Amino acid sequence: MTQNDPNASNKTAPHKKARQPPKTKTKTKTIQDPHGGTNDVIRGRSHAQLLQKRSSLRRSLASSTEQQRHDVSRHLHGPRADLAHARLKHLKQDDRLDGDRHGGRRTDDSKEATYRRLNFQKRKAKPNKHLERQMARRETKRLEHAMAASDAQEILRAHTAGLVEAEHDMEKTVQLTQQTLKRDFLEEVNARNVYDLDLDATNGPYKVSYDRSGRYSLLAGRGKQGHVAVVDQHSLALQTEFYANEPIRDACFLHDGSMMALAQERKVFVYDQDGVEIHRLDKHSRVFGMQFLPYHWLLATIGHSGMLQYQDTSTGELVSQHRSKLGPCHVIRQNPFNSVIHLGHTNGTVTLWSPSSSEYLVKLLCHRGNPITSLAIDRDGRYMATGGGDSKIKIWDLRTYKELHSYSTYGGAPSSLDISQTGILGAGHGCHATFWKPEALSRKLHEPYMKHMLPGKGPVESLRFRPFEDVCGLGHVRGISSIVVPGSGEPNLDSTEHFTNPYADNRQRREAEVRSLLEKLNPDMIALDPDVIGSVEESNSIQRRQRLRDLAEEANARREAEKEAEKNKKEKKRMRGRSKIAKKLQRKQKNIVDENVTKLRELREKEKAEKERSRRMAGGEGGGDEDEAPAALKRFF
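Fair warning: this is a prediction, and the values are worked out from it, not measured in the lab.

Once that is clear, we can look at the overall build of the chain. When its secondary structure is counted, the chain shows 13 helices and 28 strands. When each of the 637 residues of the chain is scored for burial, the buried share is 36%. Counting every atom, the chain has about 41600 Å² of accessible surface; 50% of that belongs to carbon and sulfur.

Structural data, given as C-alpha cells:
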C-alpha cells in the first residue's frame with residue numbers, strides 16, 4: 001500500500017466551465033402597491049431638475065402682478081429690498097475691481113489685495129461645481145418658499161384696510177359726518193366707538209393715548225386736581241380712576257397697559273393698573289413730554305430745562321442725558337422705524353437724537369420764526385409732518401431731509417398731529433380735526449379725506465389714532481371725543497410683535513414680558529439707518545479711504561468758506577469813542593492804495609536797506625561781499 005499525501009484529498013481536479021450566454025440588460029418596472037406606494041428610494045431632485053424648476057418659478061413670477069412680485073421680493077430680501085439690491089450691486093462692483101482688469105493699473109499693491117486678486121483668478125479659471133450646485137439648490141428653495149409664503153399671505157390676510165369712496169363726482173367724503181356715518185353705514189360693533197365723554201371742565205384740557213394693542217386708553221387732565229383714568233375700549237368700562245392732586249403735563253403707557261408714566265408738575269411718577277405709585281423718577285423734573293421706546297425699554301423725557309433724558313424702565317438706571325441748548329421743549333415724538341427721538345423747539349427747528357450721541361444727529365429749520373407746535377412720523381420712517389405757529393403743516397422727506405409740500409390750517413395753529421398705521425394724517429387745529437389720505441404724504445392733495453368739528457369744546461389738545469382699529473381719540477377741554485375714521489387701522493395683527501394682542505390673558509402677557517426683556521435691544525444700536533447694523537461693508541478699503549478723504553475735503557472747504565464769510569463780515573460798531581466819524585475814516589484810509597502811498601512805501605524800503613548795509617559795514621561783517629555774491633552762495637555768509 002502506498003501512503004497518500006494528506007493534502008491531496010483537499011485538491012480537486014481542474015475542470016472547464018460551461019460557456020454561458022452573455023447577460024442582457026433588461027428594463028425593470030417599478031412595482032407599486034394598490035395604495036400608490038413604490039419601492040424606489042427618493043434621493044431628491046437632480047441639478048438639471050433644479051435648474052428647470054428655478055426657470056419655471058422665475059417665468060411664473062415674471063408673469064404675475066406687480067404687487068405679487070413686491071411681496072415675493074419682501075420675503076426674499078426683507079422689507080427693504082432696494083437696499084439689499086444696492087448692497088449686492090456694490091459688492092459685485094468691489095469683486096470686479098479685485099478681479100483682473102486686463103492690464104489696468106491698480107491703486108493697491110498690498111499682499112492682501114494680491115492674494116484676493118489671485119484667488120479670484122483661480123476661482124474664475126476653475127469654478128467649484130459642487131458649490132455652484134449647492135447655491136442653485138438653495139436659491140431654488142428660497143424662491144419656492146418665498147412664493148409659497150406670498151400665497152399663504154394672500155390667503156391668511158382676508159381683511160384689507162379700505163377707505164370711504166364717493167359713488168359719483170357730486171359726493172365728497174369730506175362732507176360725511178359722524179352722525180351720518182353712525183346712522184347709515186356703520187355696524188353696531190363699530191358704531192359704539194362714536195361717542196363724546198363729557199368731563200369736568202376744571203380738570204381739562206385732557207390728553208388721550210393708547211397702549212400698543214389698542215385695548216386700553218389713558219386720559220390725563222392738566223387741571224389742578226390731576227384727573228387720571230384708564231378705560232377698557234372693548235367694554236367701555238372704567239378700569240382705574242384717581243386724582244394726583246397736581247397738573248398732569250403728559251402721560252403714556254409703558255410696555256403694556258398695566259403700567260403708566262405721568263409727568264406731573266414736579267417729577268415723573270410710575271403707576272400700575274390699580275393706580276398705586278410704583279416709582280418716582282427724581283432726576284426728571286418739570287417734564288413737558290414723554291415717549292416710551294418699546295424695543296429698548298427706554299423712557300425719553302424732555303422738559304423746561306431742555307435736557308433730554310433716557311431712563312431704562314427694566315433696570316431703573318438713567319442711561320444718558322443730553323442738553324439740547326435750545327431752551328424749553330414741549331414737542332417730542334419717536335420715529336417708529338429707527339427709535340430716533342425728534343424734538344420740536346420754539347425757534348422753529350427740529351432736532352434728531354439718539355442715546356449714544358451727545359450732539360444732535362440732524363437739525364432742520366422747519367418753520368422760520370415760528371415755534372414747533374406738533375410732530376408726527378409715519379410707520380415706515382420716511383415722512384415727517386410738522387406743525388408750526390404759522391398755521392401750516394409741512395411734510396418732510398426723512399431720506400433727503402427736504403420739504404415736499406405744505407398744507408394750511410384754519411382756526412388756529414395745528415396743536416396735535418398723528419399718522420395712523422395705514423398712513424392717514426390727522427391734524428387738530430382749533431376746534432377742528434382734519435384727516436388726509438395716505439397719498440397726502442407723498443404728493444399734495446387739494447381736499448382732505450374727512451373733517452370733524454367740536455363746537456364749544458375749545459381747541460384740540462391731543463389727537464391719537466387707536467392701533468388696529470378705525471378709531472381716533474380727541475382730547476379737549478370738555479373731555480374726550482371718539483370718532484371713526486374708516487381705513488385708519490391695520491386690520492391684520494402681527495403675532496410676532498410683543499404686547500400687540502388685545503385679547504391676551506394674564507399668562508400670555510407674562511410670557512410676552514419675559515420674551516421682550518430677553519430680546520431687549522441695546523440703546524447704542526439706535527441710529528438713523530438701523531439696517532447698517534449686521535450688514536456687510538459695501539466698499540473695500542480703497543473706497544473707504546477715498547470716501548473719508550472726500551468727507552475731509554468737504555469739511556475743510558466748508559471751514560474755509562466760513563472763514564471767508566467772517567472776513568467779509570461788516571465791521572461791528574465800536575463803543576467808547578472809537579465809533580467817531582474821523583476814526584472810521586482813518587481805518588478806511590488804511591485800505592486805500594494810490595500812487596503816493598506806493599512811492600512812500602518804496603522810499604521806506606530803500607531807507608531800511610541802506611541803514612542795514614551801513615550797519616553791517618561799520619561792524620566789519622563784509623556785507624559788500626554778501627551783496628555781490630550770487631544767490632546760490634548767499635547761504636554761506
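Moving on from the coordinates now.
Scanning the model with the defined rule gives 15 salt bridges in all. Lys520 is paired through a salt bridge with Asp312; the nearest N and O atoms lie 3.2 Å apart. Remark: Asp312 occurs in strand 12 (residues 307-312) and Lys520 occurs in the loop between helix 9 (506-518) and helix 10 (541-567); sequence separation between them is 208 residues. Among the residues examined, Lys520 registers a relative accessible area of 28% and is labelled partly exposed. A relative accessible area of 8% places Asp312 in the buried class.

Time to look at the confidence of the model for the chain. Confidence in the prediction of the chain, expressed as mean pLDDT, is 83, and 78% of residues score 70 or more. Low pLDDT, under 50, characterises residues 1-18; the stretch is placed with zero contacts to residues that sit more than four places away or in other chains. Segment residues 100-107 is flagged for pLDDT under 50; beyond a separation of four residues in sequence, or across chains, it makes nine contacts in the model.

The subject of this paragraph is the side chain of Ser516. Tracing the backbone through its elements, the reader meets Ser516 in helix 9. Residue Ser516 is classed as buried on the basis of its relative accessible area, which comes to 7%. Apart from residues no more than four positions distant in its own chain, Ser516 is found in contact with Pro294, Trp297, His498 and Phe499.

Pro205 follows Gly204 through a cis peptide bond whose omega is 0 degrees. Within the secondary structure, Pro205 sits in the loop between strand 1 (195-198) and strand 2 (206-210). The residue Lys325 is not glycine, and still its phi comes out positive at about 60 degrees. Looking at where Lys325 falls in the secondary structure, it is placed in the loop between strand 13 (318-323) and strand 14 (331-334). Residue classification places Lys325 among the exposed residues on the basis of a relative accessible area of 63%. Non-glycine residue Tyr401 carries a positive phi angle of around 55 degrees. By the element assignment, Tyr401 lies in the loop between strand 20 (392-397) and strand 21 (402-408). For Tyr401, a relative accessible area of 27% puts it in the partly exposed group.

Another point: the nonpolar core. Counting residues in each nonpolar core, the largest one holds 25 residues, and the members touching the most others are Leu308, Tyr310, Ile332, Ile341, Leu343, Val350 and Met384. Elements with a contribution of two residues or more to this core: strand 11 (298-303), strand 12, strand 14, strand 15 (341-344), strand 16 (349-353), strand 17 (362-365) and strand 18 (372-377). Of all hydrophobic cores here, the second largest spans 17 residues; its members include Leu181, Val194, Phe435 and Cys472.

The subject of this paragraph is the sheet that holds strand 24 (residues 432-436). Reading across from one edge, 22-23-24-25 is the order of the four strands in this open sheet, with antiparallel pairing throughout. Whereas interior strands pair on both sides, the edge strands pair on one side only; in this sheet they are strand 22 (414-419) and strand 25 (450-453). Across this sheet, the average inter-strand angle for adjacent strands is 15 degrees, counted without regard to direction. As paired strands, strand 24 and strand 25 are joined by four bridges and run antiparallel to one another. Counted as the bridge partner of Phe435 is Met450 from strand 25.

Strand order in the open sheet made by the four strands is 10-11-12-13, with antiparallel pairing throughout. In the strand order of this sheet, the two ends are held by strand 10 (287-293) and strand 13, each with one partner. Neighbour-to-neighbour, the strand axes of the sheet open up by a mean angle of 15 degrees, direction not taken into account. Note: strand 10 against strand 11, six bridges, orientation antiparallel. If you follow Leu293 over to strand 11, its bridge partner there is Leu298.

If you check helix 2 (residues 66-77), its first and last C-alpha atoms are 16 Å apart, about what twelve residues at 1.5 Å a residue would give, namely 16 Å. Taken together, the buried positions of helix 2 are occupied by Asp71, Val72 and Ser73. Directly beyond the C-terminal end of helix 2, a positive phi value near 95 degrees is found at Gly78.

Applying the stated rule across the entire model yields five aromatic pairs. Both rings, one in Phe435 and one in Phe465, keep their centres 5.9 Å apart while their planes meet at 65 degrees; by these two values the pair is edge-to-face. In this pair, Phe435 is assigned in strand 24 and Phe465 in strand 26 (residues 462-465), connecting sequence segments 30 residues apart. Neither residue differs from the other here; Phe435 and Phe465 are each classed as buried.

Turning our attention to a positive patch on the surface. Together, Arg558, Arg559, Lys563 and Lys567 line one region of the surface with positive charge. Within the element layout of this structure, Lys563 appears in helix 10.

A few words now on the side chain of His345. Tracing the sequence through the fold places His345 in the loop between strand 15 and strand 16. In this structure His345 comes out as buried when scored by relative accessible area, which is 0%. Polar contacts involving the side chain of His345 include one to the side chain of Thr351, which spans 2.8 Å. Those residues in contact with His345 that sit more than four places away from it in its chain are Ser324, Leu326, Cys329, Thr351, Pro371 and Ile372.

This brings us to a nonpolar patch on the surface. On the surface, Tyr295, Leu521, Met525 and Ile533 cluster together into a nonpolar patch covering about 320 Å² of accessible area. Among the structural elements, Tyr295 can be located in the loop between strand 10 and strand 11.

Below, the discussion takes up the pairing of strand 16. In regular strands, side chains alternate between the two faces of the sheet. For strand 16, a buried count of five out of five residues is recorded, marking the element as mostly surrounded by other parts of the structure. On strand 16, burial covers both faces: Thr349, Thr351 and Trp353 on one face and Val350 and Leu352 on the other are all buried. Sheet topology places strand 15 next to strand 16; four bridges connect them, and they run antiparallel. Along strand 16, the bridge assignment pairs Ile341 with Trp353. In terms of strand pairing, strand 16 meets strand 17 through four bridges, oriented antiparallel.

Rules used throughout
- Residues numbered from 1 in each chain as written.
- Predicted model: local features only at pLDDT ≥ 70, side-chain atom pairs only at ≥ 80, totals over all residues.
- Heavy atoms only, no water.
- Helix = DSSP H or I, 4+ residues; strand = E, 2+ residues; numbered from the N terminus.
- Buried < 20%, exposed > 50% of the residue type's maximum accessible area, 1.4 Å probe, protein only.
- Areas by Shrake-Rupley, 256 points an atom, 1.4 Å probe, with all protein chains shown as cover.
- Salt bridge = Lys/Arg side-chain N within 4 Å of Asp/Glu carboxyl O.
- pLDDT = per-residue confidence, 0-100.
- Contact = heavy atoms within 4.5 Å.
- Core = buried A, V, L, I, M, F, W, Y, C linked by side-chain atoms within 4.5 Å.
- Pairing = 2+ DSSP bridges.
- Axes fitted to C-alpha atoms, helices over the stretch in contact; angles between N-to-C directions.
- Expected span 1.5 Å × (residues − 1).
- Phe/Tyr/Trp six-rings, centres within 6.5 Å; stacked < 30°, edge-to-face > 60°.
- Patch = residues over 30% accessible without salt bridge, like charges linked within 9 Å, V, L, I, M, F, W, Y side chains within 5 Å.
- Lys, Arg positive; Asp, Glu negative; His and termini not counted.
- Charge placed at Lys NZ, Arg CZ, Asp CG, Glu CD.
- Polar contact = N/O pair within 3.5 Å; in protein donor to acceptor, adjacent residues only side chain to side chain.

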